[in-house]
Amino acid sequence: MALHRLFQLSSMLRSSVNLTLRRNIGLSAVVFNRAKDLDPIQKLFLDKIRSYKTKSRASGGVVDGDASYDKNVSDEIFKLQRLYGGGDLDKFPELKFTDPMYDEVAK
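For every chain, the first residue of the written sequence is number 1, and numbering continues from 1 onward in sequence order. Local features in this predicted model are restricted to residues whose pLDDT is 70 or higher, and side-chain atom pairs enter the listing and the counts only when it is 80 or higher, whereas totals over whole chains, interfaces and linings include all residues. In computing side-chain values, all of the structure's heavy atoms are included and hydrogens and water are not.

The name an unreviewed UniProt entry assigns to the protein chain is ATP synthase-coupling factor 6, mitochondrial, from the organism Gymnodraco acuticeps. UniProt positions are given in the numbering used here, feature names are shortened, and annotations may be inferred rather than shown by experiment. Here is the UniProt Sequence similarities (unreviewed entry) comment for the protein chain, exactly as written: "Belongs to the eukaryotic ATPase subunit F6 family."

What follows is the structure, given as structure tokens:
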């Protein structure tokens, strides 16, 4: 009986150690992967994203947006306002629901 109990405890201990090791190895793989040099294609992609981010912060909006882009955006906003009844398109509309009036039925 004691031997059987010892085997049960050892299998539970083995499974918990196995789970802990798998989690730690998975976490360390992510950390080591960040430390390695990136693939050249990934590096190029990340460099482009970072350069676009700095350009958009410097321009305060869309990168390489000229007057024709601003005109197209204002035309589209005008179309949407005309289509949906005007109002501010930057905020969520306020919805108002009224409860229906039911007639009482005599029993």
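Picking up after the structure, the text goes on.
Trainee: Mind showing me how you'd approach the pattern of salt bridges here?
Mentor: Between side chains of opposite charge, a pair can form as their charged atoms come close. Here, a salt bridge means any side-chain nitrogen of Lys or Arg that lies within 4 Å of a carboxyl oxygen of Asp or Glu. For the structure shown, the criterion picks out three salt bridges. Measuring nitrogen to oxygen at the nearest pair gives 3.1 Å for the salt bridge that ties aspartate 75 to lysine 71. Of this pair, aspartate 75 and lysine 71 both sit in helix α3 (residues 67-83), separated by four residues, roughly a single helical turn. Lysine 79 serves as the salt-bridge partner of glutamate 76, at 3.5 Å between the closest nitrogen and oxygen. Of this pair, glutamate 76 and lysine 79 both sit in helix α3, three residues apart, which is roughly one turn of that helix. Of the residues examined, glutamate 76 reaches a relative accessible area of 43% and is grouped as partly exposed. Type-normalised accessible area, obtained with a 1.4 Å probe on protein chains alone, sets the label of each residue: buried when under 20%, exposed when over 50%, and partly exposed for intermediate values. The partly exposed category is assigned to lysine 79, whose relative accessible area is 43%. Helix and strand definitions here come from DSSP, where helices need a minimum of 4 consecutive H or I residues and strands a minimum of 2 consecutive E residues; each element is numbered from the N-terminal end.

Trainee: Just checking my understanding: could you explain a nonpolar patch on the surface for this structure?
Mentor: A cluster of nonpolar side chains, namely Tyr52, Val62, Tyr69, Val73, Ile77, Leu80, Leu83, Tyr84 and Leu89, defines an oily patch on the protein surface of about 860 Å² accessible area. Here the nonpolar patch gets five residues from one element, more than from any other, and that element is α3. Inspection of the secondary structure puts valine 62 in the loop between α2 (40-59) and α3. Residue classification places valine 62 among the partly exposed residues on the basis of a relative accessible area of 42%. Within this analysis, patches are made of residues with over 30% relative accessible area and no salt bridge. Like charges are joined at 9 Å or less; nonpolar side chains (Val, Leu, Ile, Met, Phe, Trp, Tyr) at 5 Å or less. Accessible surface is estimated by sampling points in the Shrake-Rupley manner with a 1.4 Å probe; for residues, cover comes only from the protein chains shown.

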